[in-house]
Amino acid sequence: MYWNEPMETMPREALQRLQLERLQHTVRRVYQNVPVYRTRMQEAGVSPEDIKTLCDVRLLPFTQKSDLRDNYPYGLFAAPQEEIVRIHASSGTTGKPIVAGYTAHDVQVWAEVVARCLGCAHITRADTVQVSYGYGLFTGGLGLHYGVEKVGAKVVPTSAGNTQRQLMLMEDLGATAIACTPSYALMLAEGLRDTGFDMSRLKLKTGVFGAEPWTEAMRDEIQKLLGIKALDIYGLTETIGPGVAMECLEAQSGLHMWEDHFMFEILNPDSGEAMPDGEVGELVITTLSKEGMPTLRYRTHDLTAVIAEPCPCGRTHRRIRRLRGRTDDMLIIRGINVFPSQIESAIVGIPGIAPRYLLVVDRVDNRDTLEVQVELAPELLSDEVRRVEALQQQVSRAIEQVIGLSVKLKLMNPGSIQRSEGKSQRVVDKRKLY
Ligand SMILES: [Zn+2]
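Residues numbered from 1 in each chain as written. Predicted model: local features only at pLDDT ≥ 70, side-chain atom pairs only at ≥ 80, totals over all residues. Heavy atoms only, no water.

Asks: Would you explain the overall build of the protein in this entry?
Replies: If you tally the helices and strands in the protein, you get 11 helices and 20 strands. The C-alpha radius of gyration computed for the protein amounts to 23 Å, which stays within 12% of the reference 22 Å derived for 434 residues, consistent with globular compactness. Dimensions along the principal axes, computed over C-alpha positions, put the protein at roughly 70 × 60 × 45 Å. Burial analysis of the protein (434 residues in total) assigns 57% to the buried set. Sequence-distant contacts, at least 24 apart, represent 66% of the contacts inside the protein between residues at least 6 apart. Surface summary for the protein: the accessible area is close to 18300 Å², and the carbon and sulfur share equals 50%. Positive and negative charge centroids in the protein, built from 50 and 55 side chains respectively, lie 2 Å apart. (Helix = DSSP H or I, 4+ residues; strand = E, 2+ residues; numbered from the N terminus. Rg over C-alpha atoms; globule rule 2.2 N^0.38 Å. Buried < 20%, exposed > 50% of the residue type's maximum accessible area, 1.4 Å probe, protein only. Contact = heavy atoms within 4.5 Å. Areas by Shrake-Rupley, 256 points an atom, 1.4 Å probe, with all protein chains shown as cover. Lys, Arg positive; Asp, Glu negative; His and termini not counted. Charge placed at Lys NZ, Arg CZ, Asp CG, Glu CD.)

Asks: How should the packing of aromatic side chains be read in this particular structure?
Replies: Geometrically, a pair of aromatic rings is defined through the distance of the ring centres and the angle of the planes. Across all of its chains, the model carries 4 aromatic pairs by this definition. Ring centres of Tyr 74 and Phe 77 lie 5.1 Å apart, and the angle between their planes is 55°; this geometry places the pair in the tilted category. By relative accessible area, Tyr 74 is classed as partly exposed at 43%. What makes Phe 77 buried here is its relative accessible area of 6%. Taking NZ or CZ as reference, Arg 219 lies 5.7 Å from the ring centre of Trp 214, over its face. Here the guanidinium or amino end of Arg 299 rests over the ring plane of Phe 62, the centre of that ring lying 4.5 Å away. (Phe/Tyr/Trp six-rings, centres within 6.5 Å; stacked < 30°, edge-to-face > 60°. Lys NZ or Arg CZ within 6 Å of the ring centre and 35° of its normal.)

Asks: I would appreciate a short explanation of the environment of Arg 193 in the present structure.
Replies: By the element assignment, Arg 193 lies in helix α8 (residues 182–194). The spatial distance from the C-alpha of Arg 193 to the C-alpha of Ile 350 is 45 Å, given a sequence separation of 157 residues. Within polar-contact distance, the side chain of Arg 193 engages the side chain of Asp 194 at 3.2 Å. (Polar contact = N/O pair within 3.5 Å; in protein donor to acceptor, adjacent residues only side chain to side chain.)

Asks: Looking at this structure, how should I read the nonpolar core?
Replies: Grouped burial of nonpolar side chains is what soluble globular proteins tend to show. Counting residues in hydrophobic clusters, the biggest one holds 72 residues, and the most contacted among them are Leu 23, Leu 144, Val 208 and Met 257. Looking at which element gives the most residues to this core, the answer is helix α5 (residues 104–120), with 9 residues. Those residues within four positions of Val 208 in sequence are excluded, and the remaining contacts are Leu 118, Ala 121, Ile 123, Tyr 133, Leu 144, Ile 178, Ala 179, Cys 180, Leu 231, Ile 233 and Met 246. The next biggest cluster of nonpolar side chains, apart from the first, holds 26 residues, and it includes Leu 376, Val 388, Leu 391 and Leu 411. (Core = buried A, V, L, I, M, F, W, Y, C linked by side-chain atoms within 4.5 Å.)

Asks: Please explain the packing of helix α7 (residues 163–172) against α8 as it appears in this structure.
Replies: Relative placement of two packed helices is described by the angle separating their axes and the distance separating the axes. Axis separation between α7 and α8 bottoms out at 11 Å; the angle between their running directions is 75°. One element, α7, and the other, α8, form an angle in the roughly perpendicular class. Residues Thr 163, Gln 166, Leu 167 and Met 170 of α7 form the contact with α8, whose participating residues are Tyr 184, Met 187, Leu 188 and Leu 192. (Axes fitted to C-alpha atoms, helices over the stretch in contact; angles between N-to-C directions. Parallel < 35°, antiparallel > 145°, perpendicular 65-115°, else oblique.)

Asks: What is the right way to read helix α10 (residues 340–347) from this model?
Replies: Owing to its 3.6 residues per turn, the α-helix aligns residues three or four sequence positions apart on the same side. Listed as buried for α10 are Pro 340, Gln 342, Ile 343, Ala 346 and Ile 347. All buried residues of α10 lie within an arc of 155° about the axis, which places them on one face of the element. As for α10, its buried residues are in contact with β16 (336–338), β17 (353–364), β18 (367–376), α11 (385–403) and β20 (427–429). The first or second residue beyond α10 is Gly 349, which carries a positive phi of 90°. (Arc of directions from axis to C-beta.)

Asks: Would you mind going over the coordination of the zinc ion with me for this structure?
Replies: The expected angle between donors at a tetrahedral four-coordinate metal is 109.5 degrees. At an octahedral six-coordinate metal it is 90 or 180 degrees. Ligation of the zinc ion by protein atoms is provided by Cys 248 (SG), His 256 (NE2), Cys 311 (SG) and Cys 313 (SG), these donors lying 2.1 to 2.3 Å from the ion. Taken together, the 4 donor atoms coordinating the zinc ion and their angles of 99 to 117° define a geometry best described as tetrahedral. (Donors = N, O, S within 2.8 Å, 3.2 Å for Na, K, Ca; no water. Tetrahedral: all angles 85-135°; square planar, octahedral: opposite > 155°, others 65-115°.)

Asks: Just to check I follow, could you spell out helix α6 (residues 139–151) for this structure?
Replies: The terminal C-alpha atoms of α6, which comprises 13 residues, lie 18 Å apart, in line with the 18 Å expected from a rise of 1.5 Å per residue. Three or more residues of α6 are buried, namely Thr 139, Gly 140, Gly 141, Gly 143, Leu 144, His 145, Gly 147, Val 148 and Val 151. Following α6 by one or two positions, Gly 152 has its phi on the positive side, about 95°. (Expected span 1.5 Å × (residues − 1).)

Asks: Honestly, the pairing of strand β11 (residues 281–287) in this entry has me stumped. Any pointers?
Replies: Every regular strand shows the same layout, with side chains that alternate between the two sheet faces. The buried fraction of β11 amounts to 7 of the 7 residues, a majority that puts the element mostly inside the structure. With 4 bridges joining them, β11 and strand β12 (residues 298–304) adopt antiparallel strand pairing. If you follow Ile 285 over to β12, its bridge partner there is Tyr 298. (Pairing = 2+ DSSP bridges.)

Asks: Any chance you could explain the pattern of salt bridges here in plain terms?
Replies: Side chains that differ in sign of charge can pair as their charged atoms come close. Enumeration according to the criterion identifies 30 salt bridges in this entry. With a shortest N-O distance of 2.8 Å, Arg 201 and Glu 171 are connected by a salt bridge. Separated by 30 residues along the polypeptide, Arg 201 in the loop between α8 and β6 (206–210) and Glu 171 in helix α7 bring together distant segments of the chain. For Arg 201, a relative accessible area of 44% translates into the label partly exposed. A salt bridge links Arg 426 to Asp 329, with the shortest nitrogen-to-oxygen separation between them at 3.5 Å. Of this pair, Arg 426 sits in the loop between β19 (408–412) and β20 while Asp 329 sits in the loop between β14 (319–320) and β15 (331–333), placing them 97 residues apart in sequence. Several salt bridges converge on common partners, so that one network encompasses Glu 212, Arg 363, Asp 368, Asp 429 and Arg 431. (Salt bridge = Lys/Arg side-chain N within 4 Å of Asp/Glu carboxyl O.)

Next comes the structure, spelled out in structure tokens:
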């Protein structure tokens, strides 16, 4: 079942011709309109005319998350401000978020790629889709929302949270599909099981789950508890949001990347060399149709591999494997990107606190938990109980403001957090997601 059969089953030669045309157009666009890209390309000795084949993408400089941060908020926009109709944002490594801008055309393209993803899940206008991703600056809610409307299905924009109401509406409104993070789906499922809910009262058939890594074991559990097919959707704010790639119901193995809108490379994260098909490397994405904020060779830091074999569903767009981990220290907690460096930036300079911390991430009852251990400064005597209580509140608030997540804060005695140079020592992740 396709949303856009001609595009989704386009012969590869034609698809590659279209990719090249769009790549050339995108490179010209950023070269003309974005000084950062122009300077980078000049430094690399490459001009838009040098892009003659798809392989020439390798001549182009990479874009990193830090580039988005350094050019906050509008420095990488390639369209005039009056053409930007939407802003989304996600966490950066420190302080300021990274911002993405969309023209009206970008919003259309986004709806189109999400509609294709929903087609992969066999969602049609006959369906009722509960969107339980957060709505707001986060791309999940509105990203799925516009795709569901494009398909012509009924959208129920419950957003995240308020589980009891979610479940009530799911039953009363007869949702046939749900879109949310896989951990939230599991939480809903277990909530239903624990109350002895009769699942036959739900009409749910399919789930579109993404915004965080998950495992086959989680998929089995969700499918068994909810009696649905659970499918993986991929995307990131820097390239558009959810909808970059999606598993199809036919294969339920690997995610089709919409190659007419996104060109992908799988590279050795250290050398930057291309990896052979089937071997794991870093996913690097060049947007091919974005106007507001195109990205050239964006380093996602997500590890995956190409599945070279054709898919039984008949789509010609190649698949990538379910994500295999990350090349950096970014954590995804309840769908929110968290970097250890953000914690550091939040606590540094608070009197009475030493800049030493440890993050302990866990999944308890299918909900991600984040405990932050922070050391007290030696000069602060721990028997100053009232002072410590005030600090507890001040530090929690400071961290929560920066990362946008509630945390459990544990103030530790001076010297009790192990000293280490390695970044991995600042995080203990007990979740086993890869
Ligand atoms: Zn397929």
